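Next come the chains, spelled out residue by residue.
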Amino acid sequence: MPALPPPRTPGRYRIALVCLGNICRSPMADVVLSDRVAAAGLGDRVTVVSSGTGDWHVGGPMDRRAAGVLTREGYDATTHRAQQVRASWLTECDVVLAMDRENLRDLRALGTDAAEPERLRLFGDFDPLEPGAEVPDPYFGDGDGFETVLAMVERTSDALVTALAAELRGTS
């Protein structure tokens, strides 16, 4: 698994998760990763945010199918409100993880001279079973797509939490 970029602020880490509309993949990843971060005792040191590259759903809730899959597995999907990524996240976040290569291209297009390319990555780069995989967009498919996304998000979130714990060990 690749290493996470070092934190911009010692002892703190900010992760942004980005998909197209911020109603399926990135909010599912946000809910799961935030849950895993809290369970690992890192909730006071790690901030997880999510957004979309597009603005179609800003202010709206998570897709009902995504929320349903999360709820059935014991996660709280009720507080999410879609938002659009801001260019400032490229220099404020420690790492920005795109769900697919198109999202990654869109993020790079937002880049400023101050943006550090190693801080823009694919979420799937940290997938322990399929390193470099894209998280498929389940929006236009059937319910099974959301189950597939959840499985990818859970195992990748576990790997990210392990990397975060190692990165933050001994810093305050």
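Provided above is the structure to which this section pertains.
Here's a quick rundown of the structure. Treat the numbers as computed from the prediction; the structure is a model and nothing was measured.

1. Regarding the sheet that holds strand 3 (residues 95-98)
As summarised here, the arrangement of the four strands in space is 2-1-3-4, forming an open sheet in which the pairing is parallel. Either end of the sheet is taken by a strand with one partner, and the two such strands are strand 2 (46-52) and strand 4 (120-122). With direction set aside, neighbouring strand axes in the sheet form an average angle of 25°. Bridge count for strand 1 (residues 13-19) against strand 2 is seven bridges, and the pairing is parallel. Residue R14 lies in a different strand from strand 2, and its bridge partner there is T47. The strands touched by helix 1 (residues 25-39) are strand 1 and strand 2; relative to strand 2, the strand with the most contacts, the crossing angle is about 175°. This element, helix 5 (residues 144-168), spans strand 1, strand 2 and strand 3 of the sheet and lies at about 155° to strand 1.

2. Side note on the packing of aromatic side chains
Evaluated as defined, the whole model comprises one aromatic pair. Taking 4.8 Å as the distance between ring centres and 90° as the angle between the ring planes, the aromatic pair formed by Y139 and F140 counts as edge-to-face. It is R14 that lies over the ring of W89; its NZ or CZ is 5.8 Å from the centre. Positioned above the aromatic ring of Y139, the side-chain terminus of R65 is 5.4 Å from the ring centre.

Definitions and limits used
- Here the residue numbering is sequential within each chain, running from 1 through the sequence in written order.
- Reporting in this predicted model follows two pLDDT cut-offs: at least 70 for local features of residues, and 80 or more for side-chain atom pairs to be given and counted; totals over whole chains, interfaces and linings ignore these cut-offs and use all residues.
- Water and hydrogen atoms play no part in the side-chain values, which are based on all heavy atoms of the structure.
- Note on pairing: two strands pair once DSSP finds at least 2 bridges between them.
- The way it works is that DSSP assigns letters per residue, a run of H or I at least four long becomes a helix, a run of E at least two long becomes a strand, and they are numbered from the N terminus.
- Working convention: axes come from line fits to C-alpha atoms, limited for helices to the stretch in contact. Angles between N-to-C directions cover 0 to 180 degrees.
- The criterion used for residue contact is that any of the two residues' heavy atoms lie within 4.5 Å.
- What counts as a ring pair is set by centres within 6.5 Å for rings of Phe, Tyr and Trp (its six-membered ring), and what kind of pair is set by the plane angle: stacked under 30 degrees, edge-to-face over 60, tilted for all other angles.
- Lysine and arginine charges are scored as sitting over a ring when NZ or CZ, respectively, is within 6 Å of the ring centre and within 35 degrees of the ring normal.

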